[in-house]
Structure formats: C-alpha cells, structure tokens
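Understanding the architecture of this molecule
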Amino acid sequence: MTVWLFTFLVHSTLWCGGAWLGLRAFPRTHARLRETIWYTALAASLVTPTIHSVVPRDSAVWRLPIPSVVAGGEHGSGEETHREEDAANASWPPAAGILWSVMAGGLLALYLLRLEKLRRRLRDREAVTDPRASRALAALAGKAALARPPRLTVSHDLGSPVALGVGNSREICVPVRALRELDDEELGALLGHEVAHHLRRDTVRLAILQVVQAAFFFQPLFRLAVRELRLAAEELCDAWAASQSGDRFAMASCLTEVARWVVRRDRRSPVPCIGRRRSQLERRVRRLLDEHRSLQGPSRPRRRVSALGLLALAPLLAPVVAPGADVSHARRNAIEGAWPPEHERAREHEFRERRERGHAWPTQSAPPVREGEIRGTNTTLPSPDRDGM
C-alpha cells in the first residue's frame, strides 16, 4: 500500500502538473476541452498506480527507485538485532496509514458539516409562485429534456442561486432579489444556468470531486484540479443558458448583477453555485462578451476517444516506482556470509552464553577471517588484529 501511495504521488504530480502547464500555455482553451483534460489527469492519477501494482515492473519506459524503508519491506537477516531493526524501519507505514485515514475522515466530515449548514440555512425557503419564473423554468426544462422541471424555491438567506438534489428531487433555490431586480431575459438566463447544472449532473460530479479531494488531501494539485473543474462547469452552464436564449448579453448582465449579491458564505458553497468568487464572475463575463469565442466546444465523441487513448497510453509512459537495493543490508549480509560455517556456529553459541550471563559481546573475541575462507562474496577481507580493528 505504501508503494502504491508513493507511486500515486509521483504519477498525480506528473499528470496534473502536465495538465496545468499545458493549459497555462494555451489560456484560451475552451471550457469543455479544459474539463476533459482535468478529468483525464485525475483518472490517470488513480489508474496508472493501480495498473503498475499488478503488472510486471519492466513494462514501463522508465523506472524511479525508492528506498526500501519507504516501501516498508522486510530484509532477510539471521540475527535477532537485525530483525528488530527491520521491524523498526517497517513500523512507520501502518502509522502513516492511520494518520491518512484520520485526516481524510476529518475532511469528509467537514464537507458533510458544510452540507448540513447549508441545509439549515435554507430551511426557511419557500416555493416560488411568480408565473413568469414558472413559465421560464418549464420551457428551459423542456429544452434540456428533463423528465420533470426542477422544483423552484426562494430563500431570504441566500446571495447566489444554487442547484440542489438529484433525480426527482432536483431543486433550484434563488435569492429573493432575483425575482425583484432581474428582468425577464436576465431571470431566464439565471434559471437556464441552474437547469444546465442539473442537465450535466453537476451536483453528483461535485460531490465525487469533494470526496476525492478529501481522500487525497496530501496532493495539492488535486485541489487545483477541483477548482478548475468547478470554473469550467460554470462557464459551460453560462454558455448553455446563453445558447438557449440566443442572447449573450443577458447572461453577462445576469452575472454582473449576481456579483453584487454574493456574500461571504456563498464562496464556500458545497453545491453548484453561480457566484462563488467575484474574480471568476468577471472572467466569465469577459468570455461571454468575446464574440470571437464560440459557445460550442469540441464534440463529445472526439473528446471521449482522445481521453480513452491517453488513459490507455498512460501506464506505458508513467514511471515505475519500485524499491531499490538496500546497500546497508546487502553489505551486512555479505560480511556475515564471509565467516566459515564452523566459526558461525561457535560465534552464535558464545553469543547466547554471554547474553544469558548478562555480558556484552566483546569485539576482540570475534573469530578471525583468513584469506580464502570468505563465503558468499568475491571480496577478500583482511584478518582482524587483536586490537579489535
């Protein structure tokens, strides 16, 4: 398990770091392609360590050795003191696993606590009776081919609209100001954005991403990936809402208005939220108003084929992380193997007797090694002198 975790840390840094560098080099990449790249990087970070743990180690192009103590492996040794040393070196992986479980469980509990706080915050929400909002939502749900329109509610303790629930329990909760201050086009754009979240099943996607981020908290690039995926999802929902109305300016005006409503508690919303950070809203407005930027990204079949092809090649390109040779143990075993068999037996017998009498093992009483009597090595060791050298 320790080797898998170390391999995961190396591979996830490779894939997520490569995705970040590539997208930094091409900042105008469409949100749909950015989303595919980040999901592929996350999937490869989990797939390649798993495959390397079950396939031969010589199947990859290159190899990255790690110390044996990191792998928690055991070394063969005939002496009790050596076994105790090996046990001490191998004791830290279980402790690290316990610490990992505690930290991951704590972060998952924190995520559930945030969900509970949001539920309590929205417990006073009411069903919307405004006919223009109901008509707009029904029309958008029909365009999205949803089985039934999401439930539309309003809350007095909310600064930004949110999408809640899955399946038949889908819901869109909007702040009171949305019904009072937005015109028909802006309200339709706002509802279209939240319908797009349900169409994409972003409520489920975000929950899975939060669990993955909590489980692998020690990889900071996963936090970056989740943030970029949330931003890409918001941009794609903006594009879908604008494409349904055919009016980019209505969606941009809606985002500008919502930016004034966002409160501090909205910035850490555990569910899809149209406005988390004002800086992101400004970036999304600029993208919407860019007439040279297409709202339609690469086709889904092409993106899926590309992602599957990269995942198939990833195990071959990723380095194999495996324990290297332990020089200290190898040298120790070579020295032990240099003693002739009769001297080994005499040495072990005298060691047991002195241990029973409570005496330490004297270095000068070690049996001498003569040239030509070295077993298990090609190296000739000089005979020790009487001074213990």
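Structure first, text after, so check above.
These notes cover the structure that comes with them. (Residues numbered from 1 in each chain as written. Predicted model: local features only at pLDDT ≥ 70, side-chain atom pairs only at ≥ 80, totals over all residues. Heavy atoms only, no water.)

Quick word on the overall build of the protein
What the protein contains, in helices and strands, is 15 helices and six strands. Scored against the burial criterion, the 389 residues of the protein give a buried share of 42%. Restricting the contact set of the protein to residue pairs at least 6 apart, pairs at least 24 apart contribute 75%. Total accessible area computed for the protein in this model is approximately 21600 Å², and 58% of it derives from carbon and sulfur atoms. (Helix = DSSP H or I, 4+ residues; strand = E, 2+ residues; numbered from the N terminus. Buried < 20%, exposed > 50% of the residue type's maximum accessible area, 1.4 Å probe, protein only. Contact = heavy atoms within 4.5 Å. Areas by Shrake-Rupley, 256 points an atom, 1.4 Å probe, with all protein chains shown as cover.)

A few points about the nonpolar core
Leu152, Val174, Leu190, Leu191, Val195 and Met251 are the most contacted members of the largest nonpolar core, which totals 36 residues. Mapped onto this core, the elements with two or more residues apiece are helix H6 (131-143), strand E3 (151-155), strand E5 (171-175), helix H7 (176-181), helix H8 (184-200), helix H10 (220-245), helix H11 (248-259) and helix H12 (278-289). Excluding anything up to four places from it in sequence, valine 195 contacts Leu137, Leu140, Ala144, Leu146, Ile172 and Trp240. By size, the runner-up hydrophobic cluster in this structure holds 22 residues, among which are Ala41, Ala44, Phe216 and Ala318. (Core = buried A, V, L, I, M, F, W, Y, C linked by side-chain atoms within 4.5 Å.)

Some points on unusual backbone geometry
You will see that alanine 145, though not glycine, has its phi angle at about 60°, which is positive. Mapped onto the fold, alanine 145 is located in the loop between H6 and E3. One non-glycine residue with positive phi stands out, namely arginine 201, at about 60°. Its location among the elements puts arginine 201 in the loop between H8 and helix H9 (202-215).

Structural notes on the sheet that holds E5
Spatial ordering of the open sheet is given by E2-E3-E5-E4, a layout of four strands whose pairing is mixed. Both outer strands of the open sheet, strand E2 (126-127) and strand E4 (162-164), are each paired with one neighbouring strand and no more. Where E2 lies against E3, two bridges are found, and the strand directions are antiparallel. Note that in E3 the partner of glutamate 126 across the bridge is valine 154. H8 rests against E3, E4 and E5 of the sheet, and its axis sits at about 150° to E5. (Pairing = 2+ DSSP bridges. Axes fitted to C-alpha atoms, helices over the stretch in contact; angles between N-to-C directions.)

Describing the pairing of E5
Sheet faces and side chains relate simply in a regular strand, where the side chains alternate between the two faces. Taking burial as the measure, the five residues of E5 include five buried ones, the bulk of the element. The alternating pattern of E5 places Glu171, Cys173 and Pro175 on one face and Ile172 and Val174 on the opposite face, and all of these are buried. Relative to E5, E3 runs parallel, the two sharing five bridges. The residue of E5 that forms the bridge with serine 155 is proline 175.

So, the pattern of salt bridges
If you walk through the whole model with that rule in mind, you get 18 salt bridges. Between glutamate 116 and arginine 119 there is a salt bridge whose closest N-O contact spans 2.6 Å. Highlighted residues: glutamate 116 and arginine 119, both in helix H5 (residues 92-121), separated by three residues, approximately one helical turn. Several salt bridges share partner residues, and in doing so they unite Arg34, Glu235, Arg283 and Arg287 into one network. (Salt bridge = Lys/Arg side-chain N within 4 Å of Asp/Glu carboxyl O.)

Quick look at the environment of leucine 118
You can see leucine 118 is positioned in helix H5. Judged by relative accessible area, leucine 118 falls into the buried class, the value being 9%. Residues leucine 118 and serine 269 lie 151 residues apart in sequence; the distance between their C-alpha atoms is 7.8 Å.

Here we look at empty space enclosed by the protein
This structure, assessed with the given rule, holds two cavities of 30 Å³ or more. Taken as a whole, the second largest cavity encloses approximately 110 Å³ of empty space. Taken together, 13 residues form the lining of the second largest cavity, with Asp202, Leu206, Leu229, Arg230 and Ala233 sitting closest to its centre. Considered class by class, the residues forming the lining of the second largest cavity number six nonpolar, one polar and six charged. (1 Å grid on protein atoms, 1.4 Å probe; cavity = no way out; pocket = protein on both sides within 12 Å on 5 of 7 lines; lining within 4 Å. Points joined across faces, edges and corners; volume = space filled by probe spheres on them. Nonpolar A, V, L, I, M, F, W, Y, C, P; charged D, E, K, R; others polar.)

Notes on the packing of aromatic side chains
Scanning all chains against the criterion turns up ten aromatic pairs. Pairing phenylalanine 8 with phenylalanine 218 gives two aromatic rings, centres 5.8 Å apart and planes at 85°, and the pair type is edge-to-face. Pair noted here: phenylalanine 8 is in helix H1 (residues 2-25) and phenylalanine 218 is in the loop between H9 and H10, with a separation of 210 residues, a long-range link. Residue class for phenylalanine 8 comes out buried when judged on its relative accessible area of 0%. Judged by centre distance (6.0 Å) and plane angle (70°), the rings of phenylalanine 216 and phenylalanine 222 are edge-to-face. For phenylalanine 222, a relative accessible area of 2% corresponds to the buried category. Of the aromatic side chains, those joined through ring pairs into one cluster are Trp4, Phe8, Trp100, Phe216, Phe217, Phe218 and Phe222. (Phe/Tyr/Trp six-rings, centres within 6.5 Å; stacked < 30°, edge-to-face > 60°.)

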